[in-house]
Amino acid sequence: QPPSTICGSHAREASKRHPNHYPASAHIGPNSRIVVTGALSQVGMELILQLHEHCKVDFIVGIDAAYPNTRHDRIDMIETRYKYIERRVPGFQRLIVPMFGVHPHPKMGGEARLDSMGEGFDLVGRFEPTHVVHLAGMEDGRGEHVDYGDTVDASKVAKERNGSLMRRFSSLLSMDQVLSSLARVNMESSGEEPRLQPQLVYVTSNEAGDQSGVSLKSGAAMPTPASVYGTTCLLNEVLANYYHRHHGVDSVGLRVPTVLGPFSRPGSLLYDLAEHTVLNAAGKNAEGVPKYHLDRDRYELSSMWTRREGAMSGAVEQMVYVSDVAQAIVAAMQFKKDYSSASIVPDGPTLMRIGSNSTTSMQDLKVMMEGYLSPADKW
């Protein structure tokens, strides 16, 4: 049976104010069975550690197709991140599943057809989880995203500029695979003891509200500009709403701002800002440190700022630390909207926005980092 003790300080505090929205059946503990997609991502790594160390969860399945990435980066992610998690979480089970989402190479192009025939990746039927956290498809935002890199023999959708069609299609298909798997539970439930639908939490972005190209308020001006990530996040929210209305799938969506902290994506501006700071602090000729000049283009500030929209002009962004995001997800995993309450309008699944009092620019972050590790010529 599910444990009766709620996990996490955020969830405990919220449950005191709204106890009906945090039933014992949704609590996380040693008996929980949890599936995390995008397990090797920044948020996925932190979440898995918290679930094991704070909630004492023994059964965690991490699903990560490791796309989009170059082959070299995929191997590096598996070798470094998986081994790190394996040391910290002995019971962690990892699956690298190219058929979850869309594979960019032509021989793996049957995913959508398979799913339409009822043969898609049914993670609920396969693992019988109590909770599912869908992180696959998360991006850095503000125009930053992973480049597919190796497009030799890649499909046409991966070849076009920035892989924008591939990014949309892969994210939406993986979301649909998760939702359709949960919908099967509701369709197959019958008799005196219907199956309990696993708790579903998925992560979207603040860009769904201000960079989707769609006005979410009647009479409001159309938001501009629209970004690939913003439109994709909004469509994922629409999918969640569709499955709720037509198949009774309950879910909790979390809109997340820019994420700071360990396990950031190699090649992202935040990651390379930290690398830039460390290399400058060590000095260009320090023993054991890669020669700075070999990566001059990558770590040159003038080229780094151009990767992210607004970085060059010093635009201020809302930011949140990765451990706080993981705590919010743990709380959301135990939230279940009480539709019997008179104060609840059953107008769709839950969608929350994670706020933060921390706002800063990328250029200010550089100054803060150098406050901890000054460049070698200043020592």
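Refer to the preceding data block for the structure.
Thresholds applied
- Residues numbered from 1 in each chain as written.
- Predicted model: local features only at pLDDT ≥ 70, side-chain atom pairs only at ≥ 80, totals over all residues.
- Heavy atoms only, no water.
- Helix = DSSP H or I, 4+ residues; strand = E, 2+ residues; numbered from the N terminus.
- Contact = heavy atoms within 4.5 Å.
- Areas by Shrake-Rupley, 256 points an atom, 1.4 Å probe, with all protein chains shown as cover.
- Axes fitted to C-alpha atoms, helices over the stretch in contact; angles between N-to-C directions.
- Parallel < 35°, antiparallel > 145°, perpendicular 65-115°, else oblique.
- Left-handed = near helix turned anticlockwise from the far one by under 90°.
- Nonpolar A, V, L, I, M, F, W, Y, C, P; charged D, E, K, R; others polar.
- Patch = residues over 30% accessible without salt bridge, like charges linked within 9 Å, V, L, I, M, F, W, Y side chains within 5 Å.
- Salt bridge = Lys/Arg side-chain N within 4 Å of Asp/Glu carboxyl O.
- Disulfide = S-S within 2.5 Å.
- Core = buried A, V, L, I, M, F, W, Y, C linked by side-chain atoms within 4.5 Å.
- Buried < 20%, exposed > 50% of the residue type's maximum accessible area, 1.4 Å probe, protein only.

Turning next to the overall build of the chain. Per the secondary structure count, the chain includes 14 helices and 10 strands. Look at the contacts in the chain between residues 6 or more apart in sequence, and 78% of them connect residues 24 or more apart. Put simply, the chain shows about 18,700 Å² of open surface, and 53% of that area lies on carbon and sulfur atoms.

Direction vectors running N to C along helix α1 (residues 9-17) and helix α13 (residues 322-333) enclose 45°, while the axes themselves pass 7 Å from each other. The orientation of α1 relative to α13 falls into the category oblique. Our pair here, α1 against α13, has a crossing hand that is right-handed. Between α1 and α13, the contacting residues are Ser9, His10 and Ala11 on the first element and Gln327, Ala328 and Ala331 on the second. The residue makeup of the contact of α1 with α13, split by class, is 3 nonpolar, 3 polar and no charged.

This part covers a nonpolar patch on the surface. A cluster of nonpolar side chains, contributed by Val278, Tyr372 and Leu373, occupies part of the molecular surface with about 350 Å² of accessible area. Positionally, Val278 belongs in helix α10 (residues 269-282).

A few words now on the state of the cysteines. Put plainly, two cysteines are in a disulfide when a covalent bond ties their sulfur atoms together. Considering all chains together, one arrives at 1 disulfide under this definition. Shown here is the disulfide that connects Cys7 with Cys55, its sulfur atoms set 2.0 Å apart. Here the disulfide of Cys7 and Cys55 is left-handed, its torsion about the S-S bond being about -80°. Here the residue Cys7 occupies a position in the segment before α1, and Cys55 occupies one in the loop between α2 (42-53) and β2 (59-63), the gap between them amounting to 48 residues.

Let's shift gears to the nonpolar core. With 44 residues, the main nonpolar core has Ile28, Val36, Leu47, Leu51 and Ile329 as its most contacted residues. Looking at this core, the elements with two or more residues in it are α1, β1 (33-37), α2, α3 (71-88), β5 (199-205), β6 (252-256) and α13. When residues in this core are grouped by element, the largest group, 9 residues, is from α13. In this view, Ile329 contacts Val43, Leu47, Val133, Leu135, Val201, Val203 and Leu254; residues no more than four positions away in its chain are not counted.

It is worth spelling out the pattern of salt bridges at this point. Going through the model one piece at a time under the given rule, you end up with 9 salt bridges. Residue Glu13 is joined to Arg17 by a salt bridge in which the shortest nitrogen-to-oxygen separation is 3.4 Å. On the criterion of helical spacing, the pair formed by Glu13 and Arg17 is a turn pair, its members being 4 residues apart in helix α1. The two residues Glu13 and Arg17 agree in class, both being exposed. As a salt-bridge pair, Arg255 and Glu237 come within 2.8 Å of each other at their nearest N and O atoms. You can see Arg255 sitting in strand β6 and its partner Glu237 sitting in helix α9 (residues 228-247), a full 18 residues away along the chain. Using a relative accessible area of 11% as the deciding quantity, one classes Arg255 as buried. Classification of Glu237 by relative accessible area gives buried; the value is 8%.

Distances and angles like these do not, on their own, reveal function.
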